[in-house]
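Given next are the chains, with one letter for each unit.
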Amino acid sequence: MINKEQLLVDRMHRDDVTALDEVYRTYRDGFINYALRYELDYSDIEDVYQDCIIAVYQSFVIKKIVLKSSSLKTYIYGIGKNMIYTRFSKKVHTVDFVNDIMYNDYPAPQEELTLEQQLLAKHFNTISSSCQEILKLFYYRGLSVKEIVNATNYKDENTVKSHKSRCLKGLKQKIATNSLNE
Amino acid sequence: MNREELIQAYVHGTLKDADVADLKRQMELDKSLLADMREYENIQKAIREADRQMLKKRLQAAEDLGEEQSTAGSEQTTAIKQLRPYLLPLAAACIIGIVLMSKNFYFSSPNDSSVLYDQYYTTYPNTLLPVTRSNDVESKNMEAFVAYEANEFEKAAGLFKEYLNLEEDPDVEFYYAMSLINSGNEDKALPLLNELHEATTVYLPQAYWYAALIELKNEKTKNAQALIDSLLHLDVEFKYKEAVQLKKDLNEANR
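Rules used throughout
Along each chain, the written sequence defines residue order, and numbers are assigned to residues from 1. Here every chain gets a letter starting at A, and every ligand a number starting at 1, in the order they are written. Local features are withheld for residues below a pLDDT of 70 in this predicted model, meaning they are given only at 70 or higher, and side-chain atom pairs are given and counted only at 80 or more; totals for whole chains, interfaces and linings count all residues. Note that the side-chain values use all heavy atoms of the structure and ignore hydrogens as well as water. Helix numbering and strand numbering both begin at the N terminus, where a helix is a DSSP run of H or I of at least 4 residues and a strand a DSSP run of E of at least 2. Think of it in three bands: with a 1.4 Å probe and only protein chains considered, a residue is buried below 20% of the maximum accessible area for its type, exposed above 50%, and partly exposed in between. Whether two residues touch is decided by their heavy atoms; if any such pair falls within 4.5 Å, the residues are in contact. Note on areas: these come from Shrake-Rupley sampling with a 1.4 Å probe, and a residue is covered only by the protein chains present in the view. Angles shown run from 0 to 180 degrees and are taken between the N-to-C directions of axes, each axis being a line fitted to C-alpha atoms and, for helices, limited to the stretch in contact. Angles are sorted into four bins: roughly parallel if under 35 degrees, roughly antiparallel if over 145, roughly perpendicular if 65 to 115, and oblique for all others. The handedness criterion is simple: a crossing whose near helix is rotated anticlockwise from the far helix by less than a right angle is left-handed, and one whose near helix is rotated clockwise is right-handed. Each residue is assigned to one class: nonpolar for Ala, Val, Leu, Ile, Met, Phe, Trp, Tyr, Cys and Pro, charged for Asp, Glu, Lys and Arg, and polar for all the others, Gly among them. As used in this record, nonpolar core signifies buried Ala, Val, Leu, Ile, Met, Phe, Trp, Tyr and Cys residues forming a set joined through side-chain atoms within 4.5 Å. When two components associate, each loses some accessible surface as probed by a 1.4 Å sphere; the sum of these losses over both components is called the buried area. We count a salt bridge whenever a side-chain nitrogen from Lys or Arg sits within 4 Å of a carboxyl oxygen from Asp or Glu. Within 3.5 Å is the distance limit for a polar contact, defined as a pair of N or O atoms, with the added protein rule that one can donate a hydrogen and the other accept it, and that residues adjacent in sequence qualify only through two side-chain atoms. Criterion for a disulfide: a pair of cysteine sulfur atoms within 2.5 Å. A helix is expected to reach a length of 1.5 Å times the quantity of its residues less one. Every residue gets a pLDDT, meaning the predictor's confidence in that residue, from 0 to 100.

1. Details of the overall build of chain B
Counting secondary structure elements, chain B contains 11 helices and zero strands. Counting from the amino terminus, chain B carries its helices and strands in the arrangement α-α-α-α-α-α-α-α-α-α-α. Residues classed as buried in chain B amount to 39% of the 255 residues present. Of all intrachain contacts in chain B linking residues separated by at least 6 positions in sequence, the fraction that spans at least 24 positions is 52%. For chain B, the exposed area adds up to about 15,100 Å²; of that, 52% sits on carbon and sulfur atoms.

Put into structure tokens, the structure is as follows:
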């Protein structure tokens, strides 16, 4: 992998959202031109490309994926083609598609969320930003309590633990209150 | 590795194969471990979804902005071409003005507090909430940040205040204080920033920095120095070089 790509990957590992913008711009036109061969609507391709880049970005943030044999471009195209096939299998010619790509090599689109997960996602946006931040660092980025102390201005590990615990409790309470009201 | 770290490593796929097998065996025996694992996965998937929606809005906004710019770009080029004869004398006047202004700045007393304030003050950007330029404004908070990014600071201050009446949020309080500073209400912003020094906020260094600048403007240089020291004591990257330089400037001014 070339150096510039490695730098982008490192930034995505750190959840640097400007890296997402850069990756999006870099491969956008090439991917759209490529996908036009499947005779899909331009807006559908644009939509798939956005979802694809987000899936790629989140894989790097959560799973800390390291690209060993493939380039970032190959990885993006792999996931993107997989998404096109999943969403538009009735429109595209499956035989050509399967011959064209080895889509099984790439992660499948994310599974549907359970009701509990949907409620958690909905209420996550309503808790305070410092709570969002700490829960995101721990559950989404997978940083340990010690790493969170080093990456933020929290005084010590106990402060992180107690804040995290309060935030999680608050989130659960919001869901409980919401369930009672609905 | 404690229980929590073990679960975290498993969900993020960083656990070794042998440890994965061992953990699965433990989960069969210990149902509370299985429950903790499921809770972790649930929260992670929920945050992933919330983040996905936010990133989608961000990319859609970038697409919309790109389309607007490409349309506006061609119109702007034509306008510039038409105005070119008038721009030459204007440009010359501007250059002379800038040179004179910079000379005035250079020759004014470098120890003057208000000059130092102007020299160091920059509006802090919105790093908290991404703003999507749609009509679909979901909350007071988002609306406030839209106003903040549009430099409508008085409006932003009002909206932040409304939001903070409903929700306690030190990070948003920082932006409320910033809106007050930018709308000329430094006296109201200062106590808010000082309160943040005791709060849990990611903007703690920023709260020290901007409080120091207000104290500087109020010519309370000792207070400013103490705040700069507190910022440097945090040992963070934010404004480190500027804080060191400002400390030197203030020391020279006190001699």
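2. Things to note about the packing of helix α7 (residues 170-182) of chain B against helix α9 (residues 204-217) of chain B
All names here are of chain B. Running from N to C, α7 and α9 point in directions that differ by 25°, and their axes come no closer than 11 Å. Overall, the two elements α7 and α9 adopt an arrangement that is roughly parallel. The hand of the α7/α9 crossing is left-handed. Every residue of α9 that contacts α7 at Phe174, Met178 and Ile181 is listed here: Gln206, Ala207, Tyr210 and Ile214. For the contact of α7 with α9, the residue count by class is six nonpolar, one polar and no charged.

3. Notes on the nonpolar core
In this structure, A:Leu72, A:Ile76 and A:Leu135 are the most contacted members of the largest nonpolar core, which totals 74 residues. Ranked by the residues each element gives to this core, the list is headed by helix α3 (residues 42-63) of chain A, at 12 residues. The next biggest cluster of nonpolar side chains, apart from the first, holds 50 residues, and it includes B:Ala157, B:Leu159, B:Tyr210 and B:Leu227.

4. Brief notes about the interface of chain A and chain B
Each partner contributes residues to the interface: chain A has 47 residues there, and chain B has 37 residues. Here chain A meets chain B over a buried area of about 3,900 Å², counting both sides, of which 56% is carbon and sulfur. Counting across the chain A and chain B interface gives seven salt bridges. Its salt-bridge partner being B:Lys56, residue A:Asp47 comes within 2.6 Å of it at the nearest N-O pair. For the pair chain A and chain B, the number of links is 22 residue pairs in polar contact (both at pLDDT 80 or more). Those elements that provide at least two residues to the side of chain A that touches chain B are α2 (17-35), α3, α6 (115-124), α7 (129-140) and α9 (157-181) of chain A.

5. Quick word on the state of the cysteines
Residues and elements named next belong to chain A. Following the criterion strictly, the structure yields one disulfide over all chains and no others. What pairs with Cys131 in a disulfide is Cys167, and their sulfur atoms sit 2.1 Å apart. Here the disulfide of Cys131 and Cys167 is left-handed, its torsion about the S-S bond being about -75°. Residue Cys131 is located in helix α7, and its partner Cys167 is located in helix α9; the two are separated by 36 residues in the primary sequence. Taking relative accessible area as the criterion, Cys131 reaches 11% and is therefore assigned buried.

6. Details of the side chain of A:Gln132
Residue placement: A:Gln132 occurs in helix α7. Setting aside anything within four residues of it in sequence, one finds A:Gln132 in contact with A:Phe124, A:Asn125, A:Thr126 and A:Ile127.

7. Some remarks on α3(A)
Residues and elements named next belong to chain A. Given a rise of 1.5 Å per residue, 22 residues ought to cover 32 Å, and the 31 Å separating the end C-alpha atoms of α3 matches this to within 8%. By the criterion of burial, α3 is predominantly enclosed, with 17 of the 22 residues buried. Where α3 ends, the next residue or the one after it, Lys64, has phi of about 50°, a positive value.

8. Quick look at the confidence of the model for chain A
A low pLDDT means the predicted coordinates there should not be read in detail. With 85% of its residues at a pLDDT of 70 or more, chain A has an overall mean of 84. Of the regions scoring below 50 in pLDDT, residues 97-106 of chain A engages in 19 contacts with residues more than four places distant in sequence or in other chains.

9. What to know about unusual backbone geometry
Residues other than glycine predominantly adopt negative phi, and peptide bonds predominantly adopt the trans conformation. Residues and elements named next belong to chain A. In this model, Asp15 sits at a positive phi of 60°, which is unusual for a non-glycine residue. Its place among the elements puts Asp15 in the loop between α1 (3-13) and α2. The backbone phi angle of Glu39 is positive, close to 55°, even though this residue is not glycine. Mapped onto the elements, Glu39 comes out in the loop between α2 and α3.

10. With respect to the packing of α2(A) against helix α4 (residues 72-88) of chain A
To describe two helices that pack against each other, one gives the angle between their axes and the distance between the axes. All names here are of chain A. The N-to-C vectors of α2 and α4 enclose an angle of 50°; their axes lie 11 Å apart at closest approach. Classified by the angle between their axes, α2 and α4 sit oblique to one another. α4 is crossed by α2, and the crossing has right-handed handedness. Contacts between α2 and α4 involve Val23, Tyr27, Gly30, Phe31, Tyr34 and Ala35 on the former and, on the latter, Leu72, Lys73, Ile76, Tyr77, Gly80, Lys81 and Ile84.

11. With respect to the environment of B:Ala226
Inspection of the secondary structure assignment puts B:Ala226 in helix α10 (residues 221-234). Remark: the alpha-carbon pair of B:Ala226 and B:Lys247, spanning 21 residues in sequence, is separated by 9.7 Å.

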